Amino acid sequence: MKNIKYPLLVIYIFICFIVLSLINLHSNKLIDTELENSIKDLKLHYNITTYHNKKSAEFIFLEIRKNKKIIEILGKALNASPSELVILRKELYSILSHRFETMKTKGIKILTFATPDNKTFLRVHKEDKFEDDLSSIREGIVLVNKTKRKSYGFEQGKISHAFRNIYPIFNSKNEYLGCVDIGFDSEHIQKTITDVNKMHSHFLVNKTIVDRSIWKDEGYSSSYKQSIEHKDFFISEVKDVNHVKIDISKRTIDKRQDFINSKIANAKEFAIYGLEDDDLIVISFIPISNILKSTKSAAYIVSYTYNPQIVKIIKLTQIINVIAFILMVIVLYLINKQNGHKEELSVEVDKKTKELKELNENLEAKIEYETTRNRQKDKQIYDHAKNAQMGEMIGNIAHQWRQPLSLISTVASGLKLKIEFDLFEKKDAIKELESLNNTAQHLSETIDIFRDYIKNEKKLEKVILQDRLDYALAIVGPSLNSKHIKLINKIDYEDRINIEIVVGELSQVLINIFNNAKDVLDEKEIKDKWVKISIKKSEKVVTIYIEDNAGGIKDDVLPKIFDPYFTTKHQSQGTGIGLYMSAQIVEKHLHGSLYAKNSDNGAVFVIEIPHNN
């Protein structure tokens, strides 16, 4: 390290520290996200379970409210004597006792009817406990009797806690008869989350809401035990739920006890994790407020889960830290080596400078050589394209001549037969010979059109654009027709447009584009095939549009279609130079531009060239 200066070494160590810190900061953010997801999962499962319990309680309440006999009993109980109350209570119990056995299978452990003065009329779950005053114990019942409105939430009772659904009861005259408390056991919620969602959970109950004196004769110690999570909370024991993970995670809780205490003191939801020998535990806490919705938590629901993603994050971070450290050592070594080879680098720079000087001296000759070679390459490409188009041209001539030649053959054969069978008449012969002459003139005109197209003269001529477009259409029209492709001519012939071009080159571009459209349409099974040509003139340029209905060009192919030797056809069907040469002609000779795009129907080739109007 003697070659590295001390300030540079300090800066490098600082940078390494920053990099490693950022890696671990990012890792902690990912872990925090996973912990938040664990909280969300627990909250979701808890909310879904309590939602279904609430709906079940509402259904039971509606059944009670619709039962005229129950409403009648509660109405009589308001003004009944003690002996009458005994009879009414037995009647109500006989109606509900059998039904309550079914309710218990749904997790309902409490069904209590309370009078408007907060006294118990009947506990269906403990029919021998009644007429006790609930004012100092059951805040939910006091609240409902006061407001005459239903209330939901967690609340501790005389025997145990429950998730209570308390509903006010009125008779048909809207007279208030008291309330009914339908309570769900937390054990049911805990088992549901465990069985359905495969998530171990349990409830922590705040010691302050439990009056220990009430529990002395009710088996208090068997239902609640001190939790390991917090000293001020009991754990609600469930017989059929395995709590072994509590013991496994005790060391994790001990390490984070201060953090847990601060979160619980502020009634916050949170999650922690611990990792020992590849065994990871995630412990999530969600606060549960009491039925009065106070800011202090009456209980917590806690889940213990395994999160493989956190394990992956931790292991990946360790690997990245090791790799980063190794890379830093390598970089430090390379820096040291680089400083030790300054002299060698200086020699290398001098050598490269000399080579560059020699290269500059020979640059002009190399440029001339490359320019000549590129010209020869362009000529080869052009000749190749011309030869390919000659093949297309012969096909077009064949299409142009097929019908006239067939007509000539038919007329000649007809004259021969008439002479042989002595049916020859001068009048008919003249008419048929005129038809032969007209057909021959048409063939002559066709030859003139193709001769103009294949001329190699590069002379600029002032022409009418519409006339040159008609020349091209005359060439490609028969071949399109032979493929059952309709040619839609939308050219505006009224506004004559003057342009100065090399005549054959514009035709060459147009025929290339039409032939490409013809080939694509021929490959596809389209009912009504067509190619459309139109023009649009602006102040300085005229734009030629050639559109087909073949479905368009694929997005990944579109940018490449003007590249030399690029083709989507088989090698026996295309060379890939037609569109390339077309673009070269438009840009270099016609001083315009050629590009393609897709429309709703298919591909649109756009030619923009300047005009002289």
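The rules we used
- Residues numbered from 1 in each chain as written.
- Predicted model: local features only at pLDDT ≥ 70, side-chain atom pairs only at ≥ 80, totals over all residues.
- Heavy atoms only, no water.
- Phe/Tyr/Trp six-rings, centres within 6.5 Å; stacked < 30°, edge-to-face > 60°.
- Helix = DSSP H or I, 4+ residues; strand = E, 2+ residues; numbered from the N terminus.
- Buried < 20%, exposed > 50% of the residue type's maximum accessible area, 1.4 Å probe, protein only.
- Lys NZ or Arg CZ within 6 Å of the ring centre and 35° of its normal.
- Pairing = 2+ DSSP bridges.
- Axes fitted to C-alpha atoms, helices over the stretch in contact; angles between N-to-C directions.
- Contact = heavy atoms within 4.5 Å.
- pLDDT = per-residue confidence, 0-100.
- Expected span 1.5 Å × (residues − 1).
- Salt bridge = Lys/Arg side-chain N within 4 Å of Asp/Glu carboxyl O.
- Core = buried A, V, L, I, M, F, W, Y, C linked by side-chain atoms within 4.5 Å.

## Topic: the packing of aromatic side chains
Applying the stated rule across the entire model yields 12 aromatic pairs. With 6.0 Å between their ring centres and 80° between their planes, Y152 and Y167 make a pair best called edge-to-face. Placement of Y152 in strand β3 (residues 151-156) and of Y167 in strand β4 (residues 161-170) is noted, with a sequence separation of 15 residues between them. Each of the two residues, Y152 as well as Y167, counts as buried. An aromatic cluster is defined as three or more aromatic residues linked by ring pairs; in this entry it consists of F233, F259, F270, F285 and Y300. For R468, the ring lying beneath its charged end belongs to Y471, and the centroid distance is 4.2 Å.

## Section: the sheet that holds strand β1 (residues 108-114)
Across the sheet, five strands lie side by side as β2-β1-β5-β4-β3; this open sheet has antiparallel pairing. Single-partner strands in this sheet number two, and they are β2 (120-123) and β3. If you compare each strand with its neighbour and ignore which way they point, the axes differ by 25° on average. Bridging between β3 and β4 involves six bridges; their strand directions are antiparallel. Each residue of the ladder has a partner; that of E155, found in β4, is A162. Each of β1, β3, β4 and β5 (176-184) touches helix α4 (residues 139-147); the most contacted strand, β5, lies at about 145° to it.

## Focus: the environment of I141
For I141, the position within the fold is in helix α4. Here the alpha-carbon distance between I141 and G178, two residues 37 residues apart in the chain, equals 9.2 Å. Other than its neighbours up to four places away in sequence, I141 contacts A114, N118, L134, I166 and C179.

## With respect to the sheet that holds strand β18 (residues 603-610)
Backbone-to-backbone hydrogen bonds join strands into a sheet, with any given pair of strands oriented parallel or antiparallel. One open sheet holds the five strands; their spatial order is β13-β15-β16-β18-β17, and the pairing between them is mixed. Two strands bound the open sheet, and with one partner strand each, they are β13 (485-490) and β17 (593-598). Pairwise comparison of adjacent strand axes, ignoring direction, gives a mean angle of 15° for this sheet. Relative to β18, β17 runs antiparallel, the two being bridged by six bridges. Across the sheet, the residue bridging to S593 is E608, located in β18. With respect to the sheet, helix α14 (residues 465-482) is in contact with β13, β15 (529-537) and β16 (541-548), its orientation differing from that of β13 by roughly 165°. Sitting on the sheet, helix α15 (residues 503-523) is in contact with β13, β15, β16, β17 and β18, with an inclination near 150° to β15.

## Re the confidence of the model for the chain
With 79% of its residues at a pLDDT of 70 or more, the chain has an overall mean of 80. Looking at the elements of the chain, mean pLDDT is at its lowest for helix α6 (residues 220-223), recorded as 50, and at its highest for β16, recorded as 95. Note that residues 212-221 has pLDDT below 50 and, in this model, 16 contacts with residues that lie over four places away or in other chains. When the criterion is pLDDT under 50, residues 570-576 qualifies, and its contacts beyond four places in sequence or with other chains add up to nine contacts.

## Considerations on α14
Between the first and last C-alpha of α14 there are 26 Å, a value that for 18 residues agrees with the 26 Å anticipated at 1.5 Å per step. Of all the positions in α14, only L465, Q466, R468, L469, A472, L473, I475, V476, G477, P478, S479 and L480 are classed as buried. Looking one or two places after α14, you find H484, whose phi comes out positive at around 60°.

## Brief notes about the pairing of strand β10 (residues 279-289)
For β10, a buried count of eight out of 11 residues is recorded, marking the element as mostly surrounded by other parts of the structure. As judged from the seven bridges shared by strand β9 (residues 270-276) and β10, these two strands associate in the antiparallel manner. Following the sheet pairing, F270 is matched in β10 by F285. Across eight bridges, the pairing between β10 and strand β11 (residues 297-305) is antiparallel. Looking across to β11, one finds that V282 is bridged to T305.

## Some remarks on helix α16 (residues 578-589)
Compared with an ideal rise of 1.5 Å per residue, which puts 12 residues at 16 Å, α16 spans 16 Å between its outermost C-alpha atoms and is within 8% of the ideal. When α16 is considered as a whole, its buried residues turn out to be L579, Y580, M581, S582, A583, Q584, I585 and V586. Looking at the residues trailing α16, positive phi occurs at H591, about 55°.

## Description of the pattern of salt bridges
Taken as a whole, this structure holds 20 salt bridges when the rule is applied. Among the salt bridges present, the one from E155 reaches R138, with a minimum N-O distance of 3.3 Å. Pair noted here: E155 is in strand β3 and R138 is in the loop between β2 and α4, with a separation of 17 residues, a long-range link. The exposure classification of E155 matches that of R138, with both residues buried. Its salt-bridge partner being D467, residue R496 comes within 2.9 Å of it at the nearest N-O pair. Taken together, the positions of R496 in the loop between β13 and β14 (498-502) and D467 in helix α14 put the pair 29 residues apart, joining distant regions of the chain. Taking the relative accessible area as the measure of exposure, R496 reaches 34% and is therefore partly exposed. Bridged by salt links that share partners, the residues R138, E155, R164 and D181 form one connected network.

## Digging into the environment of A517
With respect to the element layout, A517 can be found in helix α15. Sequence spacing of A517 and L480 is 37 residues, and the spatial spacing of their C-alpha atoms is 9.4 Å. Non-local contacts of A517, meaning those with residues more than four positions away in its chain, are made with V531 and D548.

## So, the nonpolar core
Grouped together as the largest cluster of nonpolar side chains are 55 residues, with contacts concentrated most on L92, L111, F113, F121, V180 and I182. At nine residues, the largest contribution of residues to this core is made by helix α1 (residues 6-66). Here V180 is in contact with F61, I64, L111, T112, F113, N165, I166, Y167 and I169, once residues within four sequence places are set aside. One finds L473, I491, I499 and V509 within the second-largest nonpolar core, a separate group that totals 44 residues.

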